[in-house]
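Overview (structure and organization)
Listed here are the chains, written in short residue letters.
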Amino acid sequence: MLLSMKGLVLRETPAGDKGRFIDLLTEELGVVTVFVRGAKKVTGKSTAATQLFSYADFCIEHSRERYYYQSAKPIRIFYQLRENLRNLSLASYFTELIRMTVPKGKQDNIVLRLILNTLFYLAEGKRDAKMLKPLFELRFASEMGFMPDVLMCRRCMDHLPGNLVFSASDGCFWCIDCYKELNKNEDTAVYDMSLSCLEMIRHITLVDLERLFNFRAGCETIDIVSRFSENFVCYHMSVRPRSLEFYHNIERNL
Ligand SMILES: [Zn+2]
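First, a word on what this report is: a plain description of the structure on this page. The structure displayed is predicted, hence computed values, not measured ones.

1. Describing unusual backbone geometry
With a phi close to 50°, Arg64 is a non-glycine residue in the positive phi region. Residue Arg64 is classed as exposed on the basis of its relative accessible area, which comes to 79%. Unusually for a residue other than glycine, Ser238 sits at a positive phi of about 55°. The residue Ser238 is located in the loop between helix H7 (219-236) and helix H8 (242-252) in this model. Judged by relative accessible area, which is 64%, Ser238 ranks as exposed.

Structure, rendered in structure tokens:
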């Protein structure tokens, strides 16, 4: 049976002389692994369409529970990502996160739209990598059903605290006064935040996808929210992507 679907290449894996596997994120089938026969002989547009970070219209043969590449028309190839190691490592982290957590067969166009938009802003240099990291992490987790409680202090219900403590593991926050009174045991997954951090987290998790990237914040705010979002995602989705360590190594050596 021949299938037609739009997909983003999340990973390429060599399979000897016979060809290679590509993992695609599609609207219809979630993450799907497709075999590309005789990859070395494929030239021109088809090669480009099956490369990492290529978004294309694929024609795929489905036979005996397996998927075989037939042809593809490129829609957008984010080739600029290869020109900058930091952006490349961040994009690889996002795609690894998707591969690790989006189930096969999940019908959903939100995650596909989210990653395509994120890669667009990253490749075009329209938003800084440091900003895009927490935007993608927290929004992705929320779309996958892991959303922190961003509404009010868990104890006194203050929804605009000047200073607060957000717990990545509990997924909720307390105003600073309530947190002190709680006498919680030492928890390494808590983050001291100002209201600007909370506003950023609220924006990422609550705003329409169209407006997600229309946001500005100071470096310190972005840094705190980024450390929180990373911990939140890894804890609740039970993942530890290797590419995240790689991204941090690059960041440290910039
Ligand atoms: Zn409170």
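2. Thoughts on the pattern of salt bridges
Enumeration over the complete set of coordinates arrives at 15 salt bridges. A salt bridge links Arg86 to Asp128; the shortest N-O distance between them is 3.2 Å. Taken together, the positions of Arg86 in helix H2 (residues 85-101) and Asp128 in the loop between helix H3 (110-123) and helix H4 (129-143) put the pair 42 residues apart, joining distant regions of the chain. Owing to a relative accessible area of 40%, Asp128 belongs among the partly exposed residues under this scheme. Among the ionic pairs, Arg227 bridges to Asp223, the shortest N-O distance being 3.9 Å. Residue Arg227 and its partner Asp223 are located together in helix H7, separated by four residues, close to a single helical turn. Take Asp223: its relative accessible area is 43%, and that puts it in the partly exposed class.

3. A closer look at the sheet that holds strand S6 (residues 163-167)
Spatially, the three strands line up as an open sheet ordered S7-S6-S8, and their pairing is antiparallel. Both outer strands of the open sheet, strand S7 (172-175) and strand S8 (190-194), are each paired with one neighbouring strand and no more. Averaged over all adjacent pairs, the angle separating strand axes in this sheet is 30°, with direction ignored. Of the pairings in the sheet, the one linking S6 to S8 comprises five bridges and is antiparallel in character. Bridge pairing links Asn163 to Ser194 in S8. With respect to the sheet, helix H6 (residues 195-206) is in contact with S6, S7 and S8, its orientation differing from that of S8 by roughly 105°. Lying over the sheet, H7 contacts S6 and S8, oriented at roughly 145° with respect to S8.

4. What about the sheet that holds strand S5 (residues 66-77)?
Reading around the circumference, S1-S2-S3-S5-S4 is the order of the five strands in this closed barrel, with mixed pairing throughout. Shown here is a sheet whose adjacent strand axes are inclined to one another by a mean of 50°, direction ignored. Relative to S5, strand S3 (residues 30-37) runs parallel, the two sharing two bridges. By the bridge assignment for S5, Val34 is matched with Tyr67.

5. Some thoughts on the environment of Glu83
Its place among the elements puts Glu83 in the loop between S5 and H2. Glu83 sits 113 residues away from Ser196 along the chain, and the two C-alpha atoms are 33 Å apart.

Calculation notes
- Residues numbered from 1 in each chain as written.
- Predicted model: local features only at pLDDT ≥ 70, side-chain atom pairs only at ≥ 80, totals over all residues.
- Heavy atoms only, no water.
- Buried < 20%, exposed > 50% of the residue type's maximum accessible area, 1.4 Å probe, protein only.
- Helix = DSSP H or I, 4+ residues; strand = E, 2+ residues; numbered from the N terminus.
- Salt bridge = Lys/Arg side-chain N within 4 Å of Asp/Glu carboxyl O.
- Pairing = 2+ DSSP bridges.
- Axes fitted to C-alpha atoms, helices over the stretch in contact; angles between N-to-C directions.
- Contact = heavy atoms within 4.5 Å.

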